Amino acid sequence: MKVVLFCGGQGTRLRDYSDQVPKPLVPVGGMPILWHIMKYYASFGHKDFVLCLGYMGETIKRFFLEYDECMSNDFVFEDGGAKRQLLRTDIHDWRITFVDTGQSTNIGGRLLKVREHLAGEEMFLANYADILTDMDLDAMVSAFRASDSTAGFCCVQPPYSFHLVTTRENGKVARMMNVKESGMWMNGGYIILRQAIFDNLFEGEELVIEGFDRLVKANRLYAHKHDGFWMPMDTFKEKQALDDMVAKGTTPWQTWKAPKPDARSAVA
């Protein structure tokens, strides 16, 4: 399946970086978060990407135009660099379509602008370019395929700590509850869509507001609950936390490093 990635936002809460590079290129452990997300999808066999560019989109193009696989893989260096033999590769079999979808276009608008590049796709994947997870994507795709839904997404319990408050008419508090105890779930990205989404989304509308609202009313929106690792990079604190995880070697989102099931044992 093709993977649409929304790469046009300005990342205003990461200004220390986003003044210099767009948010998708902010590094996590030395490589852009966009690279980590694309590697995640590729680990499940989805290597045909459509990048919806906007703010500083030319720098994302330049990153891939100048990409050197030697910097992210082991290799043998000979004859002063005249010969280089990669011991592993990462993006050599990727196909990437770069589309300028505008500086201030919302997510729904960006999706509509790449519709022609999704022609013929029964289903396709879509995501924001700032969230990492270890979700079993195959399981989500299988569950969605078996449903009659037009769209679906990964939903997670809020990773933040705050309290929900219920008040009486006189303004006094009737109840306080930590959000983690409330049973609430939130949209975690990692979206999957059928072509019918384009019958439910119109110019100027937002995908998860007007588009998804129509699907909720039609009972055509699927939520795949995930209780494993999920983390956005909205703030500098979250970026530091991800860098710390890389430094410690704890990188659950790097599914491409996970051992693959032995085909023989699977048959057995």
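All values derive from a computational prediction rather than experimental measurement.

Peer 1: How should the overall build of the protein chain be read in this particular structure?
Peer 2: When its secondary structure is counted, the protein chain shows 8 helices and 16 strands. For the protein chain, with 268 residues in total, the buried portion stands at 47%. Sequence separation of at least 24 residues holds for 72% of the intrachain contacts in the protein chain that already meet a minimum separation of 6.

Peer 1: How do you make sense of the environment of Trp230 when you look at a structure like this?
Peer 2: Considering the arrangement of structural elements, one finds Trp230 in strand 16 (residues 230–232). Taking the C-alpha atoms as reference points, Trp230 and Asp134, separated by 96 residues in sequence, lie 6.9 Å from one another. Once you skip the residues sitting within four places of it in the chain, Trp230 turns out to touch Ile131, Leu132, Thr133, Cys154, Val156, Pro159, Met186 and Gly188. Reaching out from Trp230, the side chain makes a polar contact with the backbone oxygen of Gly188 at a distance of 2.9 Å.

Peer 1: How do you make sense of the pairing of strand 15 (residues 221–225) when you look at a structure like this?
Peer 2: Along any regular strand the residues' side chains alternate between the sheet's two faces. Only one face of strand 15 is covered, namely the face carrying Tyr222 and His224; the face carrying Leu221, Ala223 and Lys225 is uncovered. Of the pairings in the sheet, the one linking strand 10 (residues 151–156) to strand 15 comprises 5 bridges and is parallel in character. By the bridge assignment, Cys155 is partnered in strand 15 with Lys225.

Peer 1: I'm lost on the packing of aromatic side chains in this one. Help?
Peer 2: Here a ring pair, both rings aromatic, is described through the centre-centre distance and the interplanar angle of the planes. Tallied over the entire structure, the rule returns 13 aromatic pairs. Ring-pair connections join several aromatic residues into one group, and the members of that group are Tyr40, Tyr41, Phe44 and Tyr190.

Peer 1: Would you mind showing me how to read helix 2 (residues 33–43) here?
Peer 2: Given 3.6 residues per turn, any residue in an α-helix points the same way as the ones three and four places further on. Counting buried positions along helix 2 gives 11 out of 11 residues, so the element sits mostly inside the fold. For helix 2, the full list of buried residues reads Ile33, Leu34, Trp35, His36, Ile37, Met38, Lys39, Tyr40, Tyr41, Ala42 and Ser43.

Peer 1: Any chance you could explain unusual backbone geometry here in plain terms?
Peer 2: With glycine set apart, most residues show a phi of negative sign, and most peptide bonds adopt trans. Notably, Tyr190 is not glycine yet its phi reads approximately 50°, a positive angle. For Tyr190, the location among the structural elements is in the loop between strand 13 (186–187) and strand 14 (191–194). You can call Tyr190 buried: its relative accessible area is 2%. Despite not being glycine, Asn219 shows a phi value in the positive range, around 60°. Take Asn219: it is sitting in the loop between helix 6 (207–217) and strand 15. Residue class for Asn219 comes out exposed when judged on its relative accessible area of 60%.

Peer 1: What is the right way to look at the pattern of salt bridges in this model?
Peer 2: Pairs can form between side chains of opposite charge once their charged atoms are near each other. Applying the stated criterion across every chain, the model contains 9 salt bridges. Shared partners join several salt bridges into a network, and the residues in it are Lys23, Asp130 and Asp234.

Peer 1: I keep staring at the environment of Thr251 and nothing clicks. Help me out?
Peer 2: The residue Thr251 is located in the loop between helix 7 (236–248) and helix 8 (263–267) in this model. C-alpha of Thr251 to C-alpha of Asp134: the two residues are 117 residues apart in sequence and 9.0 Å apart in space.

Peer 1: What is the right way to look at a nonpolar patch on the surface in this model?
Peer 2: Taken together, the side chains of Val165, Val173 and Met176 make up a nonpolar region of the molecular surface, amounting to roughly 280 Å² of accessible area. Turning to its location among the elements, Val165 is positioned in strand 11 (residues 163–167). You can call Val165 partly exposed: its relative accessible area is 48%.

Peer 1: Would you take a moment to explain the nonpolar core for this structure?
Peer 2: Here is a general trend for soluble globular proteins: nonpolar side chains tend to be buried in one another's company. Counting residues in each nonpolar core, the largest one holds 70 residues, and the members touching the most others are Leu5, Tyr41, Leu51 and Leu111. Sorting elements by how many residues they give to this core places helix 2 first, with 8 residues. Every residue in contact with Tyr41, bar those within four places of it in the chain, is listed here: Val3, Leu5, His46, Phe49, Leu125, Ala126, Asn127, Leu137 and Tyr190.

Peer 1: What is the right way to read the pairing of strand 14 from this model?
Peer 2: The two faces of strand 14 match: Ile191 and Leu193 on one face and Ile192 and Arg194 on the other face are all buried. Both strand 8 (residues 123–128) and strand 14 contribute to a ladder of 4 bridges, which runs antiparallel. Bridge pairing in strand 14 links Ala126 to Ile191.

Peer 1: So what exactly am I meant to see when it comes to helix 6 here?
Peer 2: The complete set of buried residues in helix 6 reads Leu207, Gly211, Phe212 and Leu215. In an axial view of helix 6, the angular spread of the buried residues amounts to 90°, which keeps them on one side of the axis. Counted as exposed and oriented over 90 degrees from the buried face of helix 6: Ile209, Val216 and Lys217. Contact partners of the buried residues in helix 6: helix 4 (107–113), strand 10, strand 14 and strand 15.

Here is what the cut-offs are and how they apply
Here the residue numbers are simple positions, counted from 1 along each chain's written sequence. Side-chain atom pairs in this predicted model are given and counted only at pLDDT of 80 or more, local residue features only at pLDDT of at least 70, and totals for whole chains, interfaces and linings cover all residues. Processing note: side-chain calculations cover all non-hydrogen atoms of the structure and skip hydrogens and water entirely. For helices the rule is a DSSP run of H or I covering at least 4 residues; for strands it is a run of E covering at least 2, with both sets numbered from the N terminus onward. Each residue is placed in one exposure class: buried if its accessible area under a 1.4 Å probe, protein chains only, is under 20% of its type's maximum, exposed if it is over 50%, and partly exposed if it falls in between. Should any heavy atoms of two residues lie within 4.5 Å, those residues are considered in contact. Distance and chemistry together define a polar contact, namely a pair of N or O atoms within 3.5 Å, with one atom able to donate a hydrogen and the other to accept it when in protein, and with adjacent residues in sequence counting only for side-chain atoms on both sides. Pairing between two strands requires that DSSP report at least two bridges joining them. Pairing of aromatic side chains requires ring centres within 6.5 Å, counting the rings of Phe and Tyr and the six-membered ring of Trp. Pairs whose planes differ by under 30 degrees are stacked, by over 60 edge-to-face, and all others tilted. For this document, the term salt bridge refers to a Lys or Arg side-chain nitrogen within 4 Å of an Asp or Glu carboxyl oxygen. Patch building starts from residues that exceed 30% relative accessible area and form no salt bridge, then joins like charges within 9 Å and nonpolar side chains (Val, Leu, Ile, Met, Phe, Trp, Tyr) within 5 Å. Surface accessibility follows the Shrake-Rupley procedure with a 1.4 Å probe radius. Residue values consider only the protein chains on display as shielding. By nonpolar core we mean a set of buried residues, namely Ala, Val, Leu, Ile, Met, Phe, Trp, Tyr and Cys, connected to one another through side-chain atoms within 4.5 Å. Think of it as the arc spanned by the lines of direction from the helix axis to the C-beta atoms.

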